[in-house]
Amino acid sequence: MDQLQPDEQLQQQQQQSTSDTSTNDIWNYVVFVIFVVVSALIPIRKRLCRRSSNSKSKQDYVFGAGHISTLAMMLSIARGTLGVISVLGYPSEFFYRGSAMWESLYGVITAYPIVCFVFIPVYFDLGITSVYQYLELRFNSRLVRCLASGTYIIRTLLSLGVTIYTPTVALNTIIGVPYWVSLVSITVITIFFNALGGLKAAVAADVIQSLSMTAMLVGIIIYCSITVGGVDKILTISSDNDRFAFFNFATDLHLRVTTTSAWLGELFNSLSLLGCQQNFVQRYLSMPTFGQIRRTLMLNIPVVILLFSLPWFVGMAIYAIYWHCDPLKASVIAKMDEILPYFMVDRFDSVPGVWGIFVGTLFNGALTLNISNINSLATVTWEDFLSLVPALRKKSDTHQLNVIKLVGTVYAVVIMGVGFIVGLLSGVIESSMLIISATSGPLLGVFVLAMFIPFANWKGAALGMLASHLSILWIVVGRLIESNVSEPLLDTSIEGCYADLMEAQKNATLLVAVALEEGVNAVETSTLLNRIYSITYLYYGVFGTVLTVLAGVVVSLATWSSHDVYNMKMLHPAVRWLYSRCPFSGKHFGSFEVAGKGYGAGMKEAVPRC
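Cut-off values and rules
Residues numbered from 1 in each chain as written. Predicted model: local features only at pLDDT ≥ 70, side-chain atom pairs only at ≥ 80, totals over all residues. Heavy atoms only, no water. UniProt positions renumbered as here; feature names shortened; annotations may be inferred. Helix = DSSP H or I, 4+ residues; strand = E, 2+ residues; numbered from the N terminus. Contact = heavy atoms within 4.5 Å. Areas by Shrake-Rupley, 256 points an atom, 1.4 Å probe, with all protein chains shown as cover. Axes fitted to C-alpha atoms, helices over the stretch in contact; angles between N-to-C directions. Left-handed = near helix turned anticlockwise from the far one by under 90°. Nonpolar A, V, L, I, M, F, W, Y, C, P; charged D, E, K, R; others polar. Salt bridge = Lys/Arg side-chain N within 4 Å of Asp/Glu carboxyl O. Phe/Tyr/Trp six-rings, centres within 6.5 Å; stacked < 30°, edge-to-face > 60°. Buried < 20%, exposed > 50% of the residue type's maximum accessible area, 1.4 Å probe, protein only. Core = buried A, V, L, I, M, F, W, Y, C linked by side-chain atoms within 4.5 Å. pLDDT = per-residue confidence, 0-100. Lys, Arg positive; Asp, Glu negative; His and termini not counted. Polar contact = N/O pair within 3.5 Å; in protein donor to acceptor, adjacent residues only side chain to side chain. Patch = residues over 30% accessible without salt bridge, like charges linked within 9 Å, V, L, I, M, F, W, Y side chains within 5 Å.

- Looking at an unreviewed UniProt entry, the protein chain carries the name Sodium/solute symporter, with the source organism given as Anopheles arabiensis.
- Looking at the protein chain in UniProt, the text filed under Sequence similarities (unreviewed entry) is "Belongs to the sodium:solute symporter (SSF) (TC 2.A.21) family."
- According to the UniProt record, the Subcellular location (unreviewed entry) comment for the protein chain is "Cell membrane".

Written out as structure tokens, the structure reads:
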């Protein structure tokens, strides 16, 4: 009888453990639901309580009626720059590829003052609703405006597909929720929120998400610091295992990331995002004065540095926990992006509500970013496409607002479809950077032509964008088809794992050896096309911008005519000042005539109205 007591005690302990786990799971589910519901309802609480007679106007929906605080706008802009992708993507990037991509922060910081003092002054006083309306004013061409709007719409749809896919990884890893259930849930809530919200609600949701995300990441860093023995220990472990890769100025274009490619590539991408994309410009124009815009952007730089760096510190902290037992190499997780969700379950499964808050933060992050961008997508679609339809243009303001919301609903469904196929690419950071880089060049290039090239015309702008799009699309498709483009991961260890995981490692090692052998064969048969396809995607934005500008300049010089005249106030003030003092003023060069000082002074009638 005494021999049975230990077995009975063990059985009772197992039953107690199972009971505790079930209780913790219930608490986590409750916390998750409460967090998402409260975070979603707070920004639209006034709208829910408002009577129908006080319905929101189109102007209020688009610009928030100018009642958004500077601090809220700062957090919203910073939140839109980084996104929920960074929460999962950057820690796994550091764990498996090191800190090299962290240096893209240089490009983000450099872009802010350029946008503030170069882009914003050009169209701040134009009274536009869509930033692409400026391109029509400059080029007297609806075609150029539609090409730019279409580029923005496609890029945003693809990027949001990656964004809403991101929390599904955590939900699937932690609680086994199928990907499709998460995607459908985000889409349904987005449609509801979009119908009742607007820019002001979107900004409020961004603020809530920024604060909750920051608190969560700081909490993880504190826990890991205590666990491993201090911040200095975290830094030492990463340094000893070659995770730091700063200031690599190698000129090889085929390296996945160097200091040069990270800074230059992200600079062009950020200029395109912050200076030429509707959802950001829409926020700038909602502020009453240029001074407030300037303060917001300049004060936002330290905020961006903090929010951008926190996920990297989290990656460093998690690596200090698992540096001797890589869950991916031990086949505990299936994808590198699952490392942070696995950490939350592994370390906090016994603490009620912790992973519920974590998953809720990711879910709500994808939700708020989706809502915020859908607001801008719908606005651009109305202003640049649907407003051309006479039957819609003559409708009342309320009817137009309903059409914009309907368009937002359609976009939410399309984004959900994109989210279903994002898992085919190599990680959320890889997917996001590839999409942004591939679409940034043509958009940034056409704005450079408009603001800084006085003789650029609509034919050069349109053909430049098309040439850039086709060239980059060709390279991207080739990259996705070629199997030898992916960069190998950094070495990890499972020496500290339990013995029962070693057998899985043996199988994984065999698979890696086969993959390496295939990779060697692929390199041996490399062709010129393969070399082109394997150029790092960080340079796509640079190449696309340069190609758009060069093609636009050549075509404009060859096709300029008197029909291409425009109001010189569309140029950047500095360019106007230099151009008015140009020694070639009034002289002919082929089909192009350089305008004199007074040129454009009386040209307001030549500028089309939108």
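The discussion continues.
1. Focus: the overall build of the protein chain
Now for step 1: A count of helices and strands for the protein chain gives 24 helices and 2 strands.
Now for step 2: Long-range contacts, defined here as pairs at least 24 residues apart, represent 86% of the contacts in the protein chain between residues at least 6 apart.
Now for step 3: Accessible surface for the protein chain amounts to roughly 25900 Å². Of this, 66% is attributable to carbon and sulfur atoms.

2. Structural notes on the packing of helix α20 (residues 458–481) against helix α23 (residues 540–559)
Now for step 1: Viewed as axis vectors pointing N to C, α20 and α23 meet at an angle of 150°, and their least axial separation amounts to 7 Å. Crossing of α20 against α23: the hand is right-handed. Contacts between α20 and α23 pair K459, G460, L463, G464, M465, A467, S468, S471, I472, I475, V476 and R479 from the former with Y540, F543, G544, L547, T548, A551, G552, V555, S556 and T559 from the latter.
Now for step 2: Among the residues making up the contact of α20 with α23, the classes are represented as 11 nonpolar, 9 polar and 2 charged.

3. Some details on the pattern of salt bridges
Now for step 1: Applying the stated criterion to the full structure yields 8 salt bridges.
Now for step 2: What you see here is one network of salt bridges that share partners, running through E136, R142, R145 and D384.

4. A short note on the packing of aromatic side chains
Each aromatic ring pair is summarised here by two numbers: the centre-to-centre distance and the angle between the ring planes.
Now for step 1: Under the counting rule described, the total for this entry stands at 22 aromatic pairs.
Now for step 2: Relative to F308, the ring of Y90 has its centre 5.2 Å away and its plane inclined at 45°; by these criteria the two rings are tilted. Here Y90 is found in helix α5 (residues 85–97), whereas its partner F308 is found in helix α14 (residues 290–322), with 218 residues between them in sequence.
Now for step 3: Accessibility expressed as a relative area gives 10% for Y90, which makes it buried.
Now for step 4: Of the residues examined, F308 reaches a relative accessible area of 3% and is grouped as buried.
Now for step 5: When the centroid spacing of 6.0 Å and the interplanar angle of 55° are considered together, the rings of W102 and F246 count as tilted. In this pair, W102 sits in the loop between α5 and α6 (105–123) while F246 sits in the loop between α11 (231–240) and α12 (259–276), placing the two residues 144 residues apart along the sequence.
Now for step 6: Accessibility expressed as a relative area gives 33% for F246, which makes it partly exposed.
Now for step 7: An aromatic cluster is present here, built from Y90, F94, W102, F244, F246, F247, F308, W312 and F313 joined pairwise through their rings.

5. Focus: unusual backbone geometry
Now for step 1: The phi dihedral of N140 falls on the positive side, at around 55°, and the residue is not glycine.
Now for step 2: In this structure, N140 sits in the loop between α7 (133–139) and α8 (142–175).
Now for step 3: On the accessibility criterion, N140 (25% relative accessible area) is partly exposed.

6. What about the environment of A551?
Now for step 1: Within the secondary structure layout, A551 lies in helix α23.
Now for step 2: Classification of A551 by relative accessible area gives buried; the value is 19%.
Now for step 3: In the structure, A551 is positioned 83 residues away from S468 in sequence and 8.6 Å away in space, judged by C-alpha atoms.
Now for step 4: Setting aside its immediate chain neighbours within four residues, A551 contacts G460 and G464.

7. Description of the nonpolar core
Now for step 1: Ranked by internal contacts, the top residues of the largest apolar core, which has 152 residues, are Y123, Y134, L135, Y284, F343, F358 and F447.
Now for step 2: Those residues in contact with F447, other than ones at most four positions away along the chain, are F119, Y123, V131, Y132, Y134, L135 and C276.

8. Some details on the confidence of the model for the protein chain
Now for step 1: Across the protein chain, pLDDT averages 78, with 77% of residues at or above 70.
Now for step 2: When pLDDT is averaged over each element of the protein chain, α23 comes out on top at 95 and helix α21 (residues 502–524) at the bottom at 40.
Now for step 3: Here residues 587–610 scores under 50 on pLDDT; set against residues more than four positions off or in separate chains, the count is 51 contacts.

9. Some thoughts on the side chain of D337
Now for step 1: For D337, the location among the structural elements is in the loop between α14 and α15 (339–348).
Now for step 2: One buried charged residue, D337, remains without a salt bridge, the closest side chain of opposite sign being K335 at 7.1 Å.
Now for step 3: At 3.0 Å, the side chain of D337 and the side chain of S92 are in polar contact.

10. Some words on a nonpolar patch on the surface
Now for step 1: Where nonpolar side chains cluster on the molecular surface, the patch consists of I26, W27, V30, I34 and V38 and spans about 480 Å² of accessible area.
Now for step 2: You can see I34 is positioned in helix α1 (residues 4–41).

11. Comments concerning the environment of A450
Now for step 1: Inspection of the secondary structure puts A450 in helix α19 (residues 428–452).
Now for step 2: The exposure class assigned to A450 is buried, which follows from its relative accessible area of 0%.
Now for step 3: With 122 residues separating them along the chain, A450 and H572 place their C-alpha atoms 8.8 Å apart.
Now for step 4: Among residues more than four places away in sequence, those in contact with A450 are Y134, L135, R138, F139, M570 and L571.

12. Some details on the environment of S239
Now for step 1: One can find S239 in helix α11.
Now for step 2: We classify S239 as partly exposed; its relative accessible area is 41%.
Now for step 3: As for S239 and M316, which are separated by 77 residues in sequence, their C-alpha atoms are 9.9 Å apart.

13. Description of the packing of α8 against α15
Now for step 1: Where α8 meets α15, the axes come as close as 9 Å, and the angle between the chain directions of the two elements is 35°. By crossing handedness, the relation of α8 to α15 is classed as right-handed. Where α8 abuts α15, its residues A170, T173 and I174 lie against P341, Y342 and V345.
Now for step 2: Grouping the amino acids of the contact of α8 with α15 by side-chain chemistry returns 5 nonpolar, 1 polar and no charged.

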